[in-house]
Structures are given as C-alpha cells and as structure tokens.
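Architecture and fold: a report
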Amino acid sequence: QVQLVESGGGLVQPGGSLRLSCAASGFTLDYYAIGWFRQAPGKEREGVSCIYIHDGSTYYAASVKGRFTISRDNVRNTVYLQMNSLKPEDSAVYSCARGPLCSGSRDYPGDTQLLMHYWGNGTLVTVSS
C-alpha cells in the first residue's frame with residue numbers, strides 16, 4: 001500500500017522558517033522522484049521543488065529558489081522541504097508526490113504534476129503577521 005504523509009505545516013510570521021516532511025511507505029524511494037507542490041484556495045496547484053532519490057539532484061520553482069531547500073533521507077524514506085524567508089504568498093496547502101521524473105520538460109517545473117502517480121493529503125502552511 002503506497003502512502004505519502006506530510007507533516008510540519010503551521011502558522012509562521014513573514015520572514016520565518018518552517019520545515020515540512022514527507023514520509024513514504026509501501027515502496028522504496030530509490031529510482032523515483034519526490035516533488036513538493038502547493039495549492040492556495042481558489043488557485044491551481046503548482047510545483048515548487050523536486051528531488052531525485054538516487055542521486056539527490058534538486059529542482060526549484062523560480063518563486064522559491066534561494067529560500068527553499070529540498071533534501072532526502074533514504075534511510076528514513078523521508079523527503080524534507082526547508083522553507084526560509086517565508087512570504088504571505090507562500091501560504092498554501094503543501095503536498096508531496098512521487099513519480100518517475102521531476103519533469104518531462106527541459107526546465108522545471110514544466111509538466112511535473114502530470115508525472116506524479118502518488119499523492120499525500122497535504123499540510124497547511126499559513127504565513128501571516
């Protein structure tokens with residue numbers, strides 16, 4: 001049974017930090033990509049970051065580059081998203097997902113979410129003063 005469970009969301013002030021976790025079970029993370037996505041109320045879901053489990057290669061959306069860091073712990077089957085310098089526009093439900101590739105396009109995010117086969121239910125991040 002494939003399962004992805006996010007945790008670590010909460011309320012944080014602008015400029016603050018938060019670390020999200022994506023715990024995977026039912027499969028090994030080797031040879032797959034894990035992506036982080038976010039969706040604000042009334043808006044489309046967008047890819048924010050992705051990592052290849054086998055070699056740790058990472059990709060970021062332009063809006064979070066330099067502020068967010070994605071990492072993996074293959075022993076724990078967990079992927080993290082460290083979010084620094086948070087802005088109100090970062091507020092959203094953050095979900096993790098697994099797929100064969102981070103993107104089928106040359107540049108991330110491209111069509112990343114279309115490539116993901118398994119999804120978690122998300123964790124809410126609210127950035128507000």
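Refer to the structure presented above.
Residue Tyr-108 is joined to Pro-109 through a cis peptide bond whose omega torsion reads 5°. Checked against the element boundaries, Pro-109 lands in the loop between strand 9 (92-99) and helix 1 (112-115). We note that Asn-77 has phi near 55°; this positive angle belongs to a residue other than glycine. Within the secondary structure, Asn-77 is located in the loop between strand 7 (68-73) and strand 8 (78-83). Within the chain, Ser-85 stands out as a residue other than glycine whose phi angle is a positive 50°. Position of Ser-85 relative to the elements: it lies in the loop between strand 8 and strand 9. When its relative accessible area of 40% is taken as the criterion, Ser-85 is described as partly exposed.

Mapping Ala-61 onto the fold places it in the loop between strand 6 (58-60) and strand 7. Once the C-alpha coordinates of Ala-61 and Ser-49 are considered, the two residues, 12 residues apart in sequence, prove to be 6.1 Å apart.

Conventions used here
- Residues numbered from 1 in each chain as written.
- Predicted model: local features only at pLDDT ≥ 70, side-chain atom pairs only at ≥ 80, totals over all residues.
- Heavy atoms only, no water.
- Helix = DSSP H or I, 4+ residues; strand = E, 2+ residues; numbered from the N terminus.
- Buried < 20%, exposed > 50% of the residue type's maximum accessible area, 1.4 Å probe, protein only.

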